[in-house]
Amino acid sequence: MLPETSDETCPLCGGRGWVLEPDAGAGAARPCSCREQDRVRRLIDAARIPPRYRHCRISNFQTSSPSAAERNQLQGARRLAEHYVEGFLQEGGFRQSGLLFVGPPGAGKTHLAVGVLVDLIERLKVHGRFAEFTSLIHQIQATFDPGSPESKREVLDPLMGAELLVLDELGAQQMTPWVRDVLYLIINHRYTRQLPTLFTTNYLLAETVQTKKGAKPASPRPASLDRGADDPNAAPAGELLTSRLPAMLVSRLYEMAQPVLMTSLEDFRREQKVHGARLR
């Protein structure tokens, strides 16, 4: 993890960005390591991650729980996040598919999504972006004011073109025709250009079908893109994402992202109750 941003001068290069080394009597300059750290910091700042989540990493995601079912699902979610990061760089570029973290408030969905984003910024210098959907809608609405310092296009273009986008709290905003059009514009743009997106939602992606071997999503696994197999574990009864988004958009999400179920958890801020840690 990077150290906190500091105004102190680098002790290696004195703030010049280059380190002089002896070279057969003459001086040779090489880039200082602080330049790489500064680049990563700039990328993290550009990702617009809210201060509440700046500490989030996959490595500090807590999987402790008194419940074995909760613990197993949390560990599974963390493993999927780790595997996603490890497999992000593929032949020909970055992977095309994303992840969709599904679970109640406080389950740690945003923590893992931000952890994936920051890990990939630090490892691969990915140009990423974070957007909480309700805040995004309000930000776009503010551009309608004649005195707004930014336009709708200036708000949306960085999201649609980011190498990795985190779209948080999908389904939280009331779906008016205008909101639906904005969401479709973002999702369809990224889908057609095969840009990976990480989603979080409190709503179930699909109904489950109970079988003797367990519960499986009713929707078939798509053949497009490169997302992984669905979690075979059961998702409990709950409100479906189709109650908040048009079925066409939900179908597109299912193609774009592998579901990561965190649905065994109760509806409470788990870290605060169990660990006394910062809320996610």
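For clarity, every value in this text was computed on a predicted model and none was experimentally measured. (Residues numbered from 1 in each chain as written. Predicted model: local features only at pLDDT ≥ 70, side-chain atom pairs only at ≥ 80, totals over all residues. Heavy atoms only, no water.)

Turning next to the overall build of the chain. Per the secondary structure count, the chain includes 8 helices and 11 strands. In the chain, which comprises 280 residues, the proportion classed as buried is 45%. Within the chain, counting contacts between residues at least 6 apart in sequence, those at least 24 apart form 76% of the total. When the accessible surface of the chain is summed, it comes to about 14400 Å², and 50% of that surface belongs to carbon and sulfur atoms. (Helix = DSSP H or I, 4+ residues; strand = E, 2+ residues; numbered from the N terminus. Buried < 20%, exposed > 50% of the residue type's maximum accessible area, 1.4 Å probe, protein only. Contact = heavy atoms within 4.5 Å. Areas by Shrake-Rupley, 256 points an atom, 1.4 Å probe, with all protein chains shown as cover.)

The next point concerns the packing of aromatic side chains. Applying the stated criterion across every chain yields a total of 4 aromatic pairs. Plain terms: the ring middles of Tyr 53 and Phe 130 are 6.1 Å apart, the flat faces sit at 40 degrees to each other, and that makes the pair tilted. Residue Tyr 53 is found in the loop between helix H1 (33–46) and helix H2 (68–86), and its partner Phe 130 is found in strand S6 (residues 128–132); the two are separated by 77 residues along the sequence. Both residues of the pair, Tyr 53 and Phe 130, count as buried. Here Phe 88 and Phe 94 contribute two aromatic rings whose centre-to-centre distance is 4.9 Å and whose plane-to-plane angle is 35 degrees, an arrangement assigned as tilted. The class of Phe 88 is buried, set by a relative accessible area of 0%. Every member of this aromatic cluster is reached through a ring pair, and the members are Tyr 84, Phe 88 and Phe 94. (Phe/Tyr/Trp six-rings, centres within 6.5 Å; stacked < 30°, edge-to-face > 60°.)

Quick look at the packing of H1 against helix H3 (residues 109–124) now. The interhelical angle for the contact between H1 and H3, taken along N-to-C directions, is 150 degrees, at an axis separation of 9 Å. With respect to each other, H1 and H3 are oriented roughly antiparallel. The interaxial crossing formed by H1 with H3 has right-handed handedness. Only Val 118, Ile 121 and Glu 122 of H3 make contact with H1, whose side of the interface consists of Val 40, Leu 43 and Ile 44. Among the residues making up the contact of H1 with H3, the classes are represented as 5 nonpolar, no polar and 1 charged. (Axes fitted to C-alpha atoms, helices over the stretch in contact; angles between N-to-C directions. Parallel < 35°, antiparallel > 145°, perpendicular 65-115°, else oblique. Left-handed = near helix turned anticlockwise from the far one by under 90°. Nonpolar A, V, L, I, M, F, W, Y, C, P; charged D, E, K, R; others polar.)

Of all the positions in helix H5 (residues 152–161), only Val 155, Leu 156, Leu 159 and Met 160 are classed as buried. The arc that holds the buried residues of H5, viewed along the axis, is 115 degrees, so those residues lie on one side. Turning to H5, the residues buried within the fold contact S6, helix H4 (133–142), strand S7 (164–170) and helix H6 (177–192). (Arc of directions from axis to C-beta.)

Read these as spatial facts, not as claims about activity.
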